[in-house]
Structure formats: structure tokens, C-alpha cells
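Given next are the chains, with one letter for each unit.
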Amino acid sequence: MTGPVGIAIEGVSKRFGAVQALVDIDIHVKAGEFLALIGPSGCGKTTLLKCVSGLVAADGGRIVVGSRTVTGPGGREASLVFQDFALLPWATARENAEFGLLLRGAPAAERTAAARQALAKVGLAGSFEDAYPSQLSGGMQQRVGLARALAVNPQVLLMDEPFASIDEQTRRILQDDLLRLWSDERKTVVLVTHSMEEAIYLSDRVVVLSPRPGRVHRALDVPLPRPREALDVRASAEFARLVDELWQILKKMQ
Amino acid sequence: MKRWLLRGTPLVAFLALWQWAAWVPVSFNFPTPWQTLVALSELLGSGALLQATATSLQSLVLGFGAAMVIGVPLGLLMGVVRGVGRVARVYLDLLIALPSAALIPLVILSFGISIVSSAVIIFVFSVPFITMNAYGGVRDTRPRLVEMARSFGASWGKLFTRIVVPSAAPMILAGLRLGLSRAFLGLIVAELLLSPFGLGKLIMISRSMFEHDKMFATVLWTLVLSGVALAVLARVETRLLRWRAG
Ligand SMILES: Nc1ncnc2c1ncn2[C@@H]1O[C@H](COP(=O)(O)OP(=O)(O)O)[C@@H](O)[C@H]1O
Ligand SMILES: [Mg+2]
């Protein structure tokens, strides 16, 4: 695998009919950076991720992932992780994890090996492989969603509120697992969230989008030490101070 | 044990009611369940019933087979190409709302009294349900799954075979089951009204000769036949959709 790549979002705007979703967005994500994107509901966070993945064509501006200018979906640099997991209900955990590779025409043996490996990385090895999504808890379903994203070995993970519909206890475990994965795999991550704690706990930098039409309102660096999952960072005064700083920014923006 | 009690009770009640109806009797020459069973074994022994069944099944396979082969792809096409769906659904809704039996004289006029007529009627009875279900199945496809597949660069063909068809599968299978029960209905209606062949003919002949036990036996046989066919299809359905059992 090649190393992580950066993302350049330059002057991106998007309008849906009468709704101006995004205006002139400029964000540069460094290679290997963990970036959190936060902002009020409907400000265009999902739209921005879809623009980066190529699912939605921006009206203006330019998006470059690594060395490739995004012109449509299917680029091999980035994988999406969805809030509602987007698992195939008729496929087992392993088949779901294989799905990206299947669509890209990988041979069966290679698919299975990569899916097993990805499932192991997210802590779902063994007997869970043959479970259907309906037999798995929300947390485990999202692990499968993450395994599917990882199985194609992307350099970038685009995560749209991945833990929003998961209960608090499980969410914290998943957050720690994600941090561990991120430091092991050195991927670039863009994570959309509406949780201030989550943004501060996970990321190197938080970008705050303004209410619709979404613009970049501010960026906040998060200089907390790593590995945060091992350092009990949530209990630190610095963590609380940063969450409060983010809250002040969001509050004044309303 | 409890399950068998639950399943057996309606059957026992039905047989008791039947026995009572024959004992009254509610009409001239009303056969008891036992007499019907004896007649059934005679009909089976003589080969008359099996021969009629073979004839009827021929038109059923022809009519239902055509409905399946045409209805499922048509429904999928309607779901994928919006314009086709909007136009075709009007006619299919009409076909569902109309009493299909009213079309029988037209069919006879066009195809004469033959197995083909019978098959056409079966086709007309079952095809709208099969098609509409496949159509509905495609429309039930979660857009999020399409999005997910597209994000991995899925081609149009892969989207169709890997997302749309499996998404529609539960509705398609339910449509086939509904279509099959409608096909049996069409078969009996067609044969009672027009055919000098098949199970319908056997029913009509025994009625005209006041052999009510044989008539009942044939009706019972037909019910069992459709019951078995539907049960087989239901089994296939649970097998294919075992991911649904959470
Ligand atoms: N495909 C679409 N068609 C029309 N409007 C859309 C579409 N996608 C998003 N929007 C609108 O764009 C705005 C931003 O949506 P979204 O990106 O989902 O916001 P967020 O994820 O921040 O909550 C919303 O007002 C939404 O209704
Ligand atoms: Mg969103």
C-alpha cells in the first residue's frame, strides 16, 4: 500500500434547486490527518462528503484526492462509511465486507481473504462472519460497514456520522477502536459528527460549518496528546476546555 | 404437541361440519367425507383423475410459466425505467380491478376451446399480480444501498444484479405465490366454463351424472393440489429469504 494522501477542497459550491447547500468551501486535509466536520443539521456536511466521494457533482470548485481530481464516484482512494451502515440485509457479514471488492471485480479467493482480514481488524473475526445484519447489534453492524470500507484498502476514510445511531457505551468503544485502527493503518480520515465531544476526542482539527448555506466558519486545532485511547484524555482539563471552546464557537454562530 | 392441536382443530371442525351437512343432508345426494375419500381412491385407481390432472397441469404450467417469464422481467423493467412503469401500471391496475372472468368469452373467441385458451386465461389471471409485485419490489430498493454501491464504482449492470434484484426478491417471491393461487383460480374457472378436458371436465361430468361423491373428490383433489403447490413455493421462499429471520 502507498502512504496516506491529502484532500484539497477548493471553492466548492452546491445547489439543489432552490436550496443552496454549500458555498465556496475551502478545506485542505493533510495526508494522514484526522479531520472532524461539525455543523448544524442541514448545513451540507453529508453533501460535502458526497462531493468528495464523487457521488454528488459540485457546481463549482475543485476536489483533489491524492493526485486525482474527483469527477465521479468509484475512485479507489476513498471509502465511505454511512450512518445507517448501508449493509445488504441479504448478505452475511463476510459477504458485506467483500462487497466493495466484488464490485471491483476481485477474484473470490482474494475477496474472502481481504474481507476476513478487515473483519479481524474491526474485531469481528470467526463466528460473526456468517451472521446476517439483522442478527447483529448496531455497533457490530457498523463494524461490518467499517470492514467493508477497509477491505478495499483505501487511503482515505469518509465517515458520515458513523456512530450517531449507536448507544453511548458502544460508541465510546468504537471510537477507541477507530483511533487504534487509524494509528495502525495511517489513513486520512474525514469524519462528520454532530457531537462536540466526539469531534474533539477523535480529531486533529475540527472544521465548523455555518448554518445553511454551509460555509467554513472556523477551524479549531486539537493539540491533545495521542494515543488518546490509552491516555484517558476524556478526563483531562484540556479536553474539557477544548469542548467548551468548540461550544462557544457553535453557540455564537447560531 | 400444542402446535399440532392448533393446526388440527380447524381440520377436525371442518370434517365434522361436512359430516353434519351430509347427515342432514343439506342437498340431494350430499356425500360424506368418507364416501368422498372412497370415490377419490376409485378415481385415482382408474387413472381418470391423474389423466385429467396431467391435462390441467399442462395448461397451468403453460399459463403460469408464461406469466412468470413475462411478468417478472416486465415488472423489473417498469421499476427501472420510470416512464414504462407509469404507463404499464395503469393497464395492470385495470386488469386487477376488472373481473378477469369477464375476459373468458373473448379468449374463447380468439383461441377456440383448447389448452391454449385455458393457458391464456391462467396467464391473464396471474400476470398482473406477478408484474406489480416485481415493480413494487424494485421501487422498494433503498436508495442508500444504491449510493453505497455507486461509491465503490458499481456499473449499471452490477447495480441491477447486486442491489435492485435482491432488494426486489421478497416482493417478487410473494408475487409468484399470489400469482400461483390466482393461476389455480383461473384454471378452474376456465375449465368449468369452457373445456372438454382436465379437472374441470371431470367435475362437470360427475355433476351431470349425479355422481356427487366423485365431484366432491375431484374438487378436494384440486384443493390439495393447489395447497401443495403453494406450500412448495412458500418453502422455496423461506429458503431463499432465510436472511430475514433475525
Ligand atoms: N439530493 C438532494 N436533493 C435536494 N436537496 C438536497 C439533496 N441532498 C441534500 N439536500 C439538501 O441540502 C441541504 C444539506 O443537506 P445535507 O448535506 O444532508 O446536510 P447535513 O448532512 O449537514 O445535515 C439540506 O437542506 C437538504 O435538504
Ligand atoms: Mg447528514
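Residues numbered from 1 in each chain as written. Chains lettered and ligands numbered in written order. Predicted model: local features only at pLDDT ≥ 70, side-chain atom pairs only at ≥ 80, totals over all residues. Heavy atoms only, no water.

(A) The interface of chain B and chain A, seen in detail. Each partner contributes to the interface: chain B provides 21 residues, whereas chain A provides 24 residues. Between chain B and chain A lies a buried interface of about 2200 Å² when both sides are counted; carbon and sulfur atoms form 66% of it. Inspection of the chain B/chain A interface yields 4 residue pairs in polar contact (both at pLDDT 80 or more). Elements that contribute at least two residues to the side of chain B that touches chain A include exactly α7 (143-151) and α8 (156-193) of chain B. With 7 residues, the top contributor of residues to the side of chain B that touches chain A is α7(B). In the side of chain B that touches chain A, the residues fall into 9 nonpolar, 4 polar and 8 charged. (Contact = heavy atoms within 4.5 Å. Buried area = accessible area lost by both parts, 1.4 Å probe. Polar contact = N/O pair within 3.5 Å; in protein donor to acceptor, adjacent residues only side chain to side chain. Helix = DSSP H or I, 4+ residues; strand = E, 2+ residues; numbered from the N terminus. Nonpolar A, V, L, I, M, F, W, Y, C, P; charged D, E, K, R; others polar.)

(B) Seen up close, a nonpolar patch on the surface. Residue and element names in this part refer to chain B. There is a patch of nonpolar side chains on the surface, built from Met68, Val69, Ile70, Leu74, Leu77 and Val81 and spanning about 480 Å² of accessible area. On the secondary structure map, isoleucine 70 appears in helix α3 (residues 48-80). By relative accessible area, which is 44% here, isoleucine 70 ends up partly exposed. (Patch = residues over 30% accessible without salt bridge, like charges linked within 9 Å, V, L, I, M, F, W, Y side chains within 5 Å. Areas by Shrake-Rupley, 256 points an atom, 1.4 Å probe, with all protein chains shown as cover. Salt bridge = Lys/Arg side-chain N within 4 Å of Asp/Glu carboxyl O. Buried < 20%, exposed > 50% of the residue type's maximum accessible area, 1.4 Å probe, protein only.)

(C) Main features of unusual backbone geometry. The omega torsion of the bond from A:Arg212 to A:Pro213 falls at 0 degrees, within 30 degrees of zero and hence cis. Residue B:Val24 is joined to B:Pro25 through a cis peptide bond whose omega torsion reads -20 degrees. On the secondary structure map, B:Pro25 appears in the loop between α1 (2-23) and α2 (33-46). The phi dihedral of A:Asp24 is positive, around 50 degrees, even though this residue is not glycine. Topologically, A:Asp24 is positioned in strand β2 (residues 19-29). Owing to a relative accessible area of 49%, A:Asp24 belongs among the partly exposed residues under this scheme. Despite not being glycine, A:Asp232 has its phi angle at roughly 55 degrees, a positive value. Examined against the element boundaries, A:Asp232 turns out to sit in the loop between α7 (228-231) and α8 (237-253).

(D) Layout of the domain arrangement of chain A. All names here are of chain A. Structurally, chain A comprises domain 1 (7-77 + 156-253) and domain 2 (87-153). Here domain 1 and domain 2 have C-alpha centroids that lie 24 Å from each other. If you look at the interface, domain 1 gives 15 residues, while domain 2 gives 11 residues. Each partner contributes to the roughly 1100 Å² buried at the junction of domain 1 and domain 2, and carbon and sulfur atoms together form 61% of this total. Considering only the surface of domain 1 that becomes buried against domain 2, Arg76, Leu157 and Leu181 emerge as the three largest contributors, covering 40% of it. Here domain 1 is connected to domain 2 by 2 salt bridges. In this structure, lysine 121 and glutamate 185 form a salt bridge, with 3.1 Å as the shortest nitrogen-oxygen distance. Those elements that place two or more of their residues in the side of domain 1 that touches domain 2 are β7 (156-160) and α5 (168-185). Element by element, the count of residues in the side of domain 1 that touches domain 2 is highest for α5, at 6 residues. (Domains from an automatic or database assignment.)

(E) Representation of the sheet that holds strand β4 (residues 60-65) of chain A in the model. Residue and element names in this part refer to chain A. Judged by pairing direction, the sheet is antiparallel, and its 4 strands sit side by side in the order β2-β1-β4-β5 without closing on themselves. Every interior strand has two partners, whereas the edge strands, β2 and β5 (68-69), have only one. Inspection of the sheet shows β4 paired to β5 by 2 bridges, in the antiparallel sense. By the bridge assignment, valine 65 is partnered in β5 with arginine 68. Contacting β1 (7-16), β2 and β4, helix α1 (residues 45-53) runs over the sheet at an angle of about 120 degrees to β1. (Pairing = 2+ DSSP bridges. Axes fitted to C-alpha atoms, helices over the stretch in contact; angles between N-to-C directions.)

(F) Region of interest: the site of ligand 1. Residues and elements named next belong to chain A. Around ligand 1 sit Phe16, Val19, Ala21, Ser41, Gly42, Cys43, Gly44, Lys45, Thr46, Thr47 and Arg212, and that is every residue in its neighbourhood. Note that an oxygen atom of ligand 1 is positioned 2.6 Å from one of the side-chain N or O atoms of arginine 212. Protein chains shield 61% of the accessible area of ligand 1, which is 560 Å² for the free molecule. Taken together, the residues of the shell around ligand 1 sort by class into 4 nonpolar, 5 polar and 2 charged. (Near = heavy atom within 4 Å.)

(G) Molecular detail of the confidence of the model for chain B. Mean pLDDT over chain B works out to 92, with 99% of the residues at or above the 70 mark. Of all helices and strands in chain B, the one with the weakest mean pLDDT is helix α5 (residues 104-111) of chain B (86), whereas α7(B) scores best (97). (pLDDT = per-residue confidence, 0-100.)

(H) Region of interest: the pairing of β2(A). Residues and elements named next belong to chain A. Sheet topology places β1 next to β2; 7 bridges connect them, and they run antiparallel. Note that in β2 the partner of isoleucine 7 across the bridge is valine 29. Between β1 and β2, which pair antiparallel one after the other, the connecting turn spans 2 residues, and glycine 17 there sits at a positive phi close to 55 degrees.

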